[in-house]
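Summary of the model geometry
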Amino acid sequence: MKSFISLSVLMAAASLVSAVPVLNARDSCPINALSCSTTTADTCCSPKYGLVLLVQQWVKNYGPADAFTLHGLWPDTCSGGQTGSSGCDSTRTYANVGTILKSGNPTLYSSMNTYWPSYNDDNNVFWTHEWGKHGTCVTTLDPACFGTEYTKYDDMYGYFDKVLSLRQEYDLYKIFSDAGITPGGSYNATAMVAAIENALGVSAKLTCSSGTLSEIWLYFYVKGTSDYILTDSIASNTCSGTVKYPAKY
Ligand SMILES: *[C@@H]1O[C@H](CO)[C@@H](O)[C@H](O)[C@H]1NC(C)=O
């Protein structure tokens, strides 16, 4: 049953790719430009907020027992500054994102329900917030970059799709379990950081709440418009000593 579910999720992800146009316009973009070190000033070619944080969370009772779920993907300034609570484009801070997804892109909606659940039980509010505050700050997804190739909500679908695929690519549950770190145990914070460093070659930021693992942040620069390249965390862990990694269910 479990493998059936993950196969259908994979098939859903594959069909999604063809449903969403490749938002990679601008033939003239230098494809190797790296965000934060590039000289291109064209924010359609290279993201203006070029240090990007993928934040995965571990929350009891939410999401698959064997997967971290998503908090979000946050484009930050190159020095790690945040973009602000109201996002970057008020004309695209769509209301009721859950409703839009459910009718406009049910496949994506289904993956979001699985891998991006709110721990307050209101996915619509959570996704609306993450899109408005963070998604609108991905300057390479600005509709103005695509002209007539743009269909309403492509920017938002493209953002969510990218975040889901990064979560799948950087599967922290698997990285931990390959290192003998499995839910239900307590582990040295140093060993948890080392497991990620051994697998990915970069340091991650771990966050804890009352000694229990809550989030893991991975940092990226962006090559070209949408090729995410891992880089070391620039922030300190809030986990130290022995960390609880509870079973979800
Ligand atoms: C965690 O591991 C580090 C490095 O091996 C070690 O120095 C430290 O004493 C350990 N901490 C705990 C709480 O076991």
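These numbers come from a predicted model, not from an experiment. (Residues numbered from 1 in each chain as written. Predicted model: local features only at pLDDT ≥ 70, side-chain atom pairs only at ≥ 80, totals over all residues. Heavy atoms only, no water.)

Quick look at helix 4 (residues 123-133)
The condition that has to hold: The buried label goes to any residue with under 20% of its type's maximum accessible area, the exposed label to any with over 50%, and the partly exposed label to all in between, with areas taken from a 1.4 Å probe on protein chains only. Helix and strand assignments follow DSSP, with helices taken as H or I runs no shorter than four residues and strands as E runs no shorter than two, numbered in order from the N terminus. Contact between two residues is taken to exist if any of their heavy atoms lie within 4.5 Å; hydrogens are not considered. Under the rule applied, a polar contact is a pair of N or O atoms within 3.5 Å (in protein, one hydrogen donor and one hydrogen acceptor; residues adjacent in sequence only if both atoms are side-chain atoms).
If you check which residues of helix 4 are buried, you get N123, F126, W127, E130, W131, G132 and K133. The inward-facing, buried residues of helix 4 abut strand 1 (51-57), strand 2 (69-76), helix 2 (97-104), helix 3 (106-115) and helix 5 (154-169). For helix 4, the side-chain oxygen to backbone nitrogen distance between the N-cap and N124 is 3.3 Å, and the N-cap itself is D122.

Side note on the state of the cysteines
Which entries qualify depends on this criterion: Defined by distance alone, a disulfide is two cysteine sulfur atoms within 2.5 Å.
Summed over all chains, the structure comprises 5 disulfides. The disulfide partner of C36 is C78, and the S-S distance across this bridge is 2.0 Å. Negative torsions about the S-S bond denote left-handed disulfides, and the value of about -90° found for C36 with C78 makes this one left-handed. Of the two residues, C36 is situated in the loop between helix 1 (2-19) and strand 1 and C78 in the loop between strand 2 and helix 2; the sequence distance between them amounts to 42 residues. Sequence-ordered numbering of the disulfide-bonded cysteines in the protein chain gives the connectivity 1-4, 2-5, 3-8, 6-7, 9-10.

Quick look at the side chain of S203
Here S203 shows up in the loop between helix 7 (189-200) and strand 4 (205-209). Classification of S203 as buried rests on a relative accessible area of 17%. Those residues within four positions of S203 in sequence are excluded, and the remaining contacts are E197, T231, D232 and S233.

Thoughts on the environment of T231
Here T231 shows up in strand 6 (residues 227-231). Separated by 180 residues in the primary sequence, T231 and L51 have C-alpha atoms spaced 9.0 Å apart. Contact partners of T231, with chain neighbours within four places excluded, come to L51, V202, S203, Y219, F220 and Y221.

Points about the nonpolar core
For the record, the criterion: What is meant by a nonpolar core is a set of buried Ala, Val, Leu, Ile, Met, Phe, Trp, Tyr and Cys residues, joined one to another through side-chain atoms within 4.5 Å.
By size, the foremost hydrophobic cluster in this structure holds 51 residues, and its most contacted members are F160, F176, L213 and Y245. Considering each element in turn, this core owes the most residues, 7 residues, to helix 5. Non-local contacts of F176, meaning those with residues more than four positions away in its chain, are made with F68, I181, M192, A195, I196, L213, I216 and Y245. In this structure, L51, L53, V55 and W217 belong to the second largest nonpolar core, which totals 6 residues.

Some points on the site of the ligand
As a reminder, the rule being used: We call a residue near a given molecule or strand whenever any one of its heavy atoms falls within 4 Å of it. Each accessible area value is a Shrake-Rupley result obtained with a 1.4 Å probe; residue values ignore everything except the protein chains displayed when judging cover. Residue polarity follows a fixed list, in which Ala, Val, Leu, Ile, Met, Phe, Trp, Tyr, Cys and Pro are nonpolar, Asp, Glu, Lys and Arg are charged, and the others, Gly among them, are polar.
Around the ligand sit N188, T190, G241 and T242, and those are all the residues in its vicinity. Isolated, the ligand exposes 360 Å² of accessible area, and the fraction of that covered by the protein chains is 31%. Here the residues of the shell around the ligand are counted per class, giving no nonpolar, 4 polar and no charged.

Some points on the confidence of the model for the protein chain
Heads up, the condition is: Values of pLDDT, which run from 0 to 100, indicate the predictor's confidence residue by residue.
Looking at the protein chain, the pLDDT average stands at 90 and 89% of residues meet or exceed 70. Predicted confidence for residues 1-22 stays below pLDDT 50, and this span has 15 contacts to residues more than four positions away or in other chains.

Points about the packing of helix 4 against helix 5
The line we're drawing: Fitted lines through C-alpha atoms serve as axes, helices being fitted only where they are in contact, and the angles separating the N-to-C directions of these axes extend from 0 to 180 degrees. Orientation is classified from the angle alone, with under 35 degrees giving roughly parallel, over 145 giving roughly antiparallel, 65 to 115 giving roughly perpendicular, and any other angle giving oblique.
Between helix 4 and helix 5, the shortest axis-to-axis distance is 11 Å and the interhelical angle comes to 105°. If you check the angle between helix 4 and helix 5, you find them roughly perpendicular. Residues W127, E130 and W131 of helix 4 lie in contact with helix 5, whose contacting residues are D155, M156, Y159 and F160. Counted by class, the contact of helix 4 with helix 5 contains 5 nonpolar, no polar and 2 charged residues.

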